[in-house]
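The chain contents come next:
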Amino acid sequence: YGDMQGEKPGDLALLVVASDERRVLLRGVDAATKPTPGWGDAACPGPPAGGTISPHGIDLAPRPDGRLALAVVQHAGRDSIELFEVSGSGIDWKLAWRGCVIPTADAWPNDVVLLPDGSLIFSSMMPRSEGLERMMQASGSPGMAMRWHAGEGCREIPGTRGALDNGVEVSPDGKKLFLSLTRNNEVRRIDLASGKVEGTAKVLGPDNSTWTPDGRLLVASIR
């Protein structure tokens, strides 16, 4: 992680759990790299300026074609979702940049999740134009979650507006969204077909979330 302003570079790394070894897999993208057709938005202009990476939320999931994709919220050079193909085995892995999704103007992405149909969902904390100082206050404008589909672009998901939209996760079938709203102190379950909020759970300062193998949703708290 670099920073939300995109002023500090970061990297993408592998942690070998058995040995606690940390291996840097990528610190930047060659600016001459061309997007791979079928990955991300067809309008992706190429890697971010200078190729610098300042990653935020990430998600790892198989694509519909079976290849393994890593989606990365990126702040350096632009706010975007960068897509990488992951290849390797054991403790030897590689990343190859394949494309990107550029959010709508003034979105400020935080976390991302890949869906089984090849679309993706990302959270937008609040309008970026309001700045980091407003983010630290309770008076910032509402955030939202957005869904990107190939050929359709990014669209707001109903039922997702709130105070500092943060972590996103989906049910295994891709039909339900679990959204962390940090300043609302809640996690919402939202039906993606209807936009209906089906339930909430009180969590103080919920941040990013992930599933355990036995089907529990783990939610980080920053309070």
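Above: the structure in question.
Residues numbered from 1 in each chain as written. Predicted model: local features only at pLDDT ≥ 70, side-chain atom pairs only at ≥ 80, totals over all residues. Heavy atoms only, no water.

## A closer look at the packing of aromatic side chains
In total, this model carries one aromatic pair according to the counting rule given. Cation over ring: Arg63 sits above Trp39, and NZ or CZ is 4.0 Å from the ring centre. (Phe/Tyr/Trp six-rings, centres within 6.5 Å; stacked < 30°, edge-to-face > 60°. Lys NZ or Arg CZ within 6 Å of the ring centre and 35° of its normal.)

## Some words on the sheet that holds strand E7 (residues 109-114)
Read across the open sheet, the four strands follow the order E7-E8-E9-E10; overall the sheet is antiparallel. Looking at strand neighbours, the two that pair on one side only are E7 and strand E10 (153-156), the edges of this open sheet. The mean inter-strand angle of the sheet, taken between neighbouring strand axes irrespective of direction, is 25°. With four bridges joining them, strand E9 (residues 144-149) and E10 adopt antiparallel strand pairing. Pairing of Trp148 across the sheet is with Cys154, part of E10. (Pairing = 2+ DSSP bridges. Helix = DSSP H or I, 4+ residues; strand = E, 2+ residues; numbered from the N terminus. Axes fitted to C-alpha atoms, helices over the stretch in contact; angles between N-to-C directions.)

## So, the sheet that holds strand E3 (residues 55-62)
Taken in spatial order, the four strands of this open sheet run E3-E4-E5-E6, and their pairing is antiparallel. Both outer strands of the open sheet, E3 and strand E6 (92-101), are each paired with one neighbouring strand and no more. For this sheet, the mean angle separating the axes of adjacent strands, direction not counted, is 25°. For strand E4 (residues 68-74) and strand E5 (residues 80-89), the ladder comprises seven bridges, and the chain directions are antiparallel. By the bridge assignment, Ala71 is partnered in E5 with Leu83.

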